[in-house]
Amino acid sequence: MDFRHLKYFVAVADEQNFTRAAERLHISQPPLSRQIQDLEEELGTPLFERGSRPLKLTDAGRFFYGHATRLLEQAAQAVRSTKRIAQLERRLVIGFVASTMYGALPLLVRKFRAACPQTELALTEMSTVEQIEALKVGRIDVGFGRVRQDDPSIKREILREERLVVAIPGEHELAGSDAPLTLAEVAAHPLLVYPRTPRPSYADQVLSLFRDLALEPVSVHELQEMQTALGLVASGMGLCVVPASVHRLRPDEVVYRPLAEPQAVSPIIMSTRLQDQSSDIVLLRQLIDVIYAEQRAAREAQARAGLSST
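Attention in this report is confined to the structure presented alongside it. Counting restarts for each chain: residues are numbered from 1 in the order of the written sequence. Local features in this predicted model are restricted to residues whose pLDDT is 70 or higher, and side-chain atom pairs enter the listing and the counts only when it is 80 or higher, whereas totals over whole chains, interfaces and linings include all residues. Each side-chain value is worked out from all heavy atoms of the structure, with water and hydrogens disregarded.

To continue, consider helix α8 (residues 202-211). Along an α-helix, a turn takes 3.6 residues, which lines up residues three or four apart on a common side. The cut-offs for exposure are 20% and 50% of the maximum accessible area for each residue type, with area from a 1.4 Å probe on protein chains only; residues under the lower value are buried, those over the upper are exposed, and the others partly exposed. Numbering of helices and strands runs from the N terminus, with a helix taken as a DSSP run of H or I at least four residues long and a strand as a DSSP run of E at least two residues long. Among the 10 residues in α8, seven count as buried, and that is most of the element. By definition in these notes, contact holds between two residues if any of their heavy atoms fall within 4.5 Å. The inward-facing, buried residues of α8 abut β6 (154-169), α7 (183-187), β7 (191-193), β8 (220-222), β9 (239-243) and β11 (265-273).

Take the packing of helix α1 (residues 3-15) against helix α3 (residues 29-43) next. Convention adopted: a line fitted to C-alpha atoms gives each axis, helices being fitted over their contacting stretch, and angles between N-to-C directions are expressed from 0 to 180 degrees. At a minimum axis separation of 10 Å, α1 and α3 run at an interaxial angle of 110°. Considered as vectors, α1 and α3 are oriented roughly perpendicular to each other. Residues Arg4, His5, Tyr8, Phe9 and Val12 of α1 pack against Leu32, Gln35, Ile36, Asp38 and Leu39 of α3. Three classes are used: nonpolar for Ala, Val, Leu, Ile, Met, Phe, Trp, Tyr, Cys and Pro, charged for Asp, Glu, Lys and Arg, and polar for all others, with Gly counted as polar. Per-class residue counts for the contact of α1 with α3 are six nonpolar, two polar and two charged. Orientation is classified from the angle alone, with under 35 degrees giving roughly parallel, over 145 giving roughly antiparallel, 65 to 115 giving roughly perpendicular, and any other angle giving oblique.

Two rings from Phe, Tyr or Trp (for Trp, the six-membered ring) form a pair when their centres sit within 6.5 Å of each other. Planes less than 30 degrees apart are called stacked, planes more than 60 degrees apart edge-to-face, and all others tilted. Under the criterion given, the structure shown has five aromatic pairs. With centroids separated by 5.2 Å and ring planes inclined at 55°, the aromatic side chains of Phe9 and Phe64 adopt a geometry described as tilted. Placement of Phe9 in helix α1 and of Phe64 in helix α4 (residues 59-85) is noted, with a sequence separation of 55 residues between them. An angle of 40° between the planes, with centres 5.1 Å apart, marks the rings of Tyr194 and Tyr202 as tilted. Accessibility assignment for this pair places Tyr194 and Tyr202 in one class, buried. Here the aromatic residues Phe9, Phe18, Phe48, Phe64 and Tyr65 are joined through ring pairs into a cluster of three or more. One residue, Arg160, lies across the ring of Tyr292, its end atom 4.4 Å from the ring centre. Criterion for a charge above a ring: Lys NZ or Arg CZ within 6 Å of the ring centre, and within 35 degrees of the ring normal.

What follows is the structure, encoded as structure tokens:
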């Protein structure tokens, strides 16, 4: 058995037809049929239900299909990673959750493009759960998420803990002050959380803040996207707990107040494949340190300016 057998088998399973699979593989049908027969003989079991239209997998075939597709994806990812590390293919794909786009991510992208213009940079929005799988199969090279997930093949680093704030409708009774709110005060009102799927997600992170204090919001409405949640906040449907960097969204309709509890934070997590130390990954991580240092210096300068004016 070799990768050619796996490739042929997956093509037939996907197309559910030998003729279409042969066309997809650019070979004639008889050699394809022989390869599948050889594979079945080696495994000692039929993989397809002969005579079914469209062609169906047997129970053993379905089991083998899962392993075959995973092996092919891993092989393709190994080729891509090797080429990239050897700088034969300079492309870096970043997966990110939506809220990180309102923080340092846009600045990081600009700095990376300026420092490494020869590398093609692509960004794709996806949940933290989706990022882990995408890293494992090679669809992305770096992920920026918020949910802690353990996987032995993934290197995970918490870059910082971002404070959380409460998004409040502009005409709401809680919108008239800048003072921090307690989670108990928030729980007394309808709560909007996101995303609905996949789970675990940032929604579970927010809900756990209440449960850790034995609090239960009067109602919880699950939504798929942050922008939708903030739109409903603006319309008066409830409150929403969001990262502080989001406060620039809908400033004329939504008021943002900090949370009083020190544990009301959300991590920004950088995930990469365990052994991936390509020059592009190393540069990206160095630029993150530069950005955080610049932000820290700016805050300190602002604080000094505030003191000198009093």
